[in-house]
2 protein chains.
Amino acid sequence: MRDGMTYAPKGRPQPVVKPGVFKIAAIGLDHGHIYGMCNGLIEAGAELKWVYDADPVKVRAFQKEFPGAQEARSRDEVLADPEVKLVAGAAIPSERCALGLAVIDAGKDYFTDKGPFTTLAQLELARAKVAETNGKYMVYYSERLHVESAVFAGQLIEEGAIGRVLHVAGFGPHRLNAPARPAWFFQKERYGGIIADIGTHQVEQFLYYTGAKDAQVLHGVVANYNHPEYPELEDFGAAALLGDNGATGYFRVDWFTPDALPTWGDGRVLITGADGYIELRKYIDVARETTTDHVYLVNHEGMHHFHVAGKVGFPFFGQLILDCLNRTETAMTQAHAFKAAEIALKAQAIALKV
Amino acid sequence: MRDGMTYAPKGRPQPVVKPGVFKIAAIGLDHGHIYGMCNGLIEAGAELKWVYDADPVKVRAFQKEFPGAQEARSRDEVLADPEVKLVAGAAIPSERCALGLAVIDAGKDYFTDKGPFTTLAQLELARAKVAETNGKYMVYYSERLHVESAVFAGQLIEEGAIGRVLHVAGFGPHRLNAPARPAWFFQKERYGGIIADIGTHQVEQFLYYTGAKDAQVLHGVVANYNHPEYPELEDFGAAALLGDNGATGYFRVDWFTPDALPTWGDGRVLITGADGYIELRKYIDVARETTTDHVYLVNHEGMHHFHVAGKVGFPFFGQLILDCLNRTETAMTQAHAFKAAEIALKAQAIALKV
């Protein structure tokens, strides 16, 4: 697996549309997630027509991976192309909303890297824009959507394998890799804070696995524990949630993946149900197996270890394409995508700095 | 391993005193932890002279395990025996303090099962008594003291294996086994609440691993999610802590161990340091190995899995005996034992009922 910065899981191509039916473009290559976003959509049948970024070096690298993508001369050239149905973007977090508003104003759907916003004011603008236009502002919550074990956990819960979900604990350690990071990564106003950034994955998983439609933030914490050379970096964040259905949750996100871990982070999710529990070891089964996607399930009937890498796929992308074509919400509702961001932004805002 | 109710780990006998030098008694057999408490002390060289409980059935069962223990006719017969240096007790939680005050008033040290108190008022009485007499009110925080992986984690941290400890997440699921539980187990006033009870283990581990001397409770939650037939049972509890040294932590305790788990609970501790992390899989390595005491360590130098069952021992008990004889505090300071209880009681008191 690549570093988290250019995390681009490969699945089996399972096109949901014929070639050329769903054309997309990539605008904003600031975060390497753009590779995973485009790859997921292409595997589901999308055709990547354009790429645009102000930095030609990023465009060249991107075209190596996606040779079919033509470089546009400007963002507006892409937005003016009526063939483009959806624009995928991984701009600097603080600029993601402005890009999305322009994309939707151009009559296209928008698919942005997480965190989709750095302020609640941006979120309100996006909500208003979507309400006004019926455009989509979808979010690449990759730590669930592009992780087969995380998809499988959703299927297990749906099947009732652990009964009512009571609690979700998520751990999202990431490798800092500071020398490879751009300047904005260390500027709070631009990256938005650790909870608004990588915490959004965690909130999204809490809402998804518990089925809550909303949640209160019971507490939040952020810290710069060990990186005084980057005073605006938050290297640690945590928050506790109470869902509107009574489920509770907690997450910890951090930039403390140690050097000897052979992947970018030992991401885990522990899901406690009334009748069993699930543990996800998403990117490694630490000191056991370096493969991804290990799922542990214990309920009243049995105790299981499932290694699901390559067995589940990533249904989100095909569903998103069909949602865009059919104006449905099977991949993810707009309300859910926004709510996860809203809760993360609120947790970020109230977080105690320790 | 036995059920959690009579959890009595066996170690290698490593006496720190000659036979007969350190005589102890057991008073209060309400919780099966008394077996582990006495066994730990006996392996460290204590001689178990007396046992007393109002229930002769409990005394008979206890004497089967500890045939050398003579049944006393009353609590006072034990307290009047000048040979007895320490009384171990696992009374009903709400009665643990009163027993302890009587033990200390009789000039002996007290070693109680956790939670050591069900109210902050009891804690204040015990603090005053200890200050007045210099007696010891020690607590069987078994989930660290009597778990080799947990002891080993302390040694790793002491050696600097993960650098400064930033965060401790503890998970203490327990099997409910309701039909085998006594009436008091379901009476809030007597068991004290889930955080004051099994949450004390978690708070103690937070303080120990982080080295914090005190902690704020950032939030607490308790719930009866799935046992309406026991209205006073809390089947779930959680809290977040902020140590006085800036470390943070979270724990979840519950009575949701599913039937198919071959032990009483999949207890875990995840310890995040500035230079690595440790995971403890204390009682099972779920769906991998049914043995206890699996320790995972990743730092900048390597990634390791240690299976430490039978290799570490339980130094607490010998240290406690020597502390009683020498009036030292090597096993655990009184301040630490009380502080863990205090924080748990505060978390219990402020916990949101969901």
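About the cut-offs
Residues numbered from 1 in each chain as written. Chains lettered and ligands numbered in written order. Predicted model: local features only at pLDDT ≥ 70, side-chain atom pairs only at ≥ 80, totals over all residues. Heavy atoms only, no water. Helix = DSSP H or I, 4+ residues; strand = E, 2+ residues; numbered from the N terminus. Rg over C-alpha atoms; globule rule 2.2 N^0.38 Å. Buried < 20%, exposed > 50% of the residue type's maximum accessible area, 1.4 Å probe, protein only. Contact = heavy atoms within 4.5 Å. Areas by Shrake-Rupley, 256 points an atom, 1.4 Å probe, with all protein chains shown as cover. Lys, Arg positive; Asp, Glu negative; His and termini not counted. Charge placed at Lys NZ, Arg CZ, Asp CG, Glu CD. Domains from an automatic or database assignment. Buried area = accessible area lost by both parts, 1.4 Å probe. Salt bridge = Lys/Arg side-chain N within 4 Å of Asp/Glu carboxyl O. Polar contact = N/O pair within 3.5 Å; in protein donor to acceptor, adjacent residues only side chain to side chain. Nonpolar A, V, L, I, M, F, W, Y, C, P; charged D, E, K, R; others polar. Pairing = 2+ DSSP bridges. Right-handed = clockwise from strand over helix to strand, strands pointing away. Least-squares fit on C-alpha atoms with pLDDT ≥ 70 in both. Patch = residues over 30% accessible without salt bridge, like charges linked within 9 Å, V, L, I, M, F, W, Y side chains within 5 Å. Axes fitted to C-alpha atoms, helices over the stretch in contact; angles between N-to-C directions.

Our focus in this paragraph is the overall build of chain A. Of regular secondary structure, chain A possesses 12 helices and 15 strands. Here the C-alpha radius of gyration of chain A, 19 Å, is about what a compact globule of 354 residues would show, namely 20 Å. Referenced to the eigenvectors of the C-alpha coordinate spread, the extents of chain A come out at roughly 55 × 45 × 40 Å. For chain A, with 354 residues in total, the buried portion stands at 66%. When contacts within chain A are restricted to residue pairs at least 6 apart in sequence, long-range pairs at least 24 apart make up 70% of them. Working note: accessible area of chain A is about 12,100 Å², and carbon and sulfur atoms make up 53% of it. Taking the 35 positively charged and 43 negatively charged side chains of chain A as two groups, their mean positions are separated by 2 Å.

Residues and elements named next belong to chain A. For chain A, the assigned domains are domain 1 (4–140) and domain 2 (144–314 + 345–353). Distance between the C-alpha centres of domain 1 and domain 2: 24 Å. Contacts between the two partners involve 27 residues from domain 1, matched on the other side by 25 residues from domain 2. Taken together, both faces of the contact between domain 1 and domain 2 bury some 1,900 Å²; the carbon and sulfur share is 63%. Where domain 1 meets domain 2, there are 2 salt bridges. Where arginine 190 meets glutamate 95, a salt bridge forms, and the shortest distance between an N and an O atom there is 3.9 Å. Where domain 1 touches domain 2, the interface holds 3 residue pairs in polar contact (both at pLDDT 80 or more). Elements with a minimum of two residues in the side of domain 1 that touches domain 2: helix 1 (33–43), helix 5 (120–133) and strand 6 (137–140). When grouped by side-chain class, the residues that make up the side of domain 1 that touches domain 2 number 11 nonpolar, 10 polar and 6 charged.

Following lysine 114 of chain A, the chain continues to glycine 115 of chain A via a peptide bond in cis, the omega torsion being -25°. The phi angle at arginine 327 of chain A is positive, at roughly 55°, despite the residue not being glycine. Here arginine 327 of chain A lies in the loop between helix 11 (315–326) and helix 12 (334–350). Notably, aspartate 293 of chain B is not glycine yet its phi reads approximately 65°, a positive angle. Topologically, aspartate 293 of chain B is positioned in the loop between strand 12 (276–281) and strand 13 (294–299).

Residue and element names in this part refer to chain B. Of all 11 residues in helix 1 (residues 33–43), 10 are buried; the element is thus mostly enclosed. Listed as buried for helix 1 are His33, Ile34, Tyr35, Gly36, Met37, Cys38, Asn39, Gly40, Leu41 and Glu43. Where helix 1 terminates, the next one or two residues include glycine 45, which has phi positive at roughly 115°.

All names here are of chain A. In terms of burial, strand 12 (residues 276–281) is a largely internal element, 6 of the 6 residues being buried. Every second residue of strand 12 is oriented toward a common face, with Gly276, Ile278 and Leu280 on one face and Tyr277, Glu279 and Arg281 on the other, all of them buried. Two strands pair when backbone bridges link them, and strand 11 (residues 268–273) and strand 12 are joined in this way by 6 bridges, in the antiparallel orientation. By the bridge assignment, glycine 273 is partnered in strand 12 with glycine 276. One ladder, built from 6 bridges, connects strand 12 with strand 13 (residues 294–299); its direction is antiparallel. Among the inter-strand pairings, tyrosine 277 is bridged to a residue of strand 13, identified as valine 298.

This part takes up the pairing of strand 1 (residues 23–29) of chain A. Residue and element names in this part refer to chain A. For strand 1, a buried count of 7 out of 7 residues is recorded, marking the element as mostly surrounded by other parts of the structure. For strand 1 and strand 4 (residues 84–90), the ladder comprises 5 bridges, and the chain directions are parallel. When the bridges of strand 4 are listed, alanine 26 appears paired with alanine 88. Both strand 1 and strand 2 (residues 47–52) contribute to a ladder of 5 bridges, which runs parallel. Paired with alanine 25 across the two strands is tryptophan 50, which belongs to strand 2. In this fold, the crossover linking strand 1 to strand 2 by way of helix 1 has right-handed handedness.

Here we come to the relation of the copies chain B and chain A. Of the transformation placing chain B onto chain A, the axial shift is 0.0 Å and the rotation is 180°, giving an RMSD of 0.0 Å. Taken together, the rotation and translation relating the two chain copies correspond to the operation of a two-fold axis. Across chain B, the smallest distance between a C-alpha and the rotation axis is recorded for histidine 219 of chain B, namely 3.3 Å. When the interface residues of chain B are mapped onto chain A, 100% of them again fall at the interface, so both copies present the same face.

Let us look at a nonpolar patch on the surface. Residues Val16, Val21, Leu322 and Leu325 of chain A make up a contiguous nonpolar surface patch of roughly 250 Å² in combined accessible area. Mapped onto the elements, leucine 322 of chain A comes out in helix 11.

Note on interface size: it is often stated as the accessible area lost on association of the parts. The partner chain A presents 55 residues to the 55 residues of chain B that form the contact. Contact with chain A buries surface across chain B, with Tyr225, Arg288 and Met303 of chain B losing the most and accounting together for 15% of the total. In this structure, the connection of chain B to chain A is made through 6 salt bridges. One salt bridge in this structure joins glutamate 289 of chain B and arginine 288 of chain A, with 2.8 Å as the shortest N-O distance. For the interface between chain B and chain A, the tally reads 24 residue pairs in polar contact (both at pLDDT 80 or more).

Residue and element names in this part refer to chain B. Read from one edge of the open sheet, 9 strands run 14-13-12-11-7-10-9-8-15, paired in mixed fashion. This sheet does not close on itself; its edge strands, each paired only once, are strand 14 (303–307) and strand 15 (352–353). Here strand 7 (residues 165–173) runs beside strand 10 (residues 248–254); their pairing, made up of 7 bridges, is parallel. Along strand 10, the bridge assignment pairs glycine 170 with phenylalanine 251. Packed on one face of the sheet, helix 12 (residues 334–350) meets strand 8 (215–223), strand 9 (236–243) and strand 15 and runs near 50° to strand 8.

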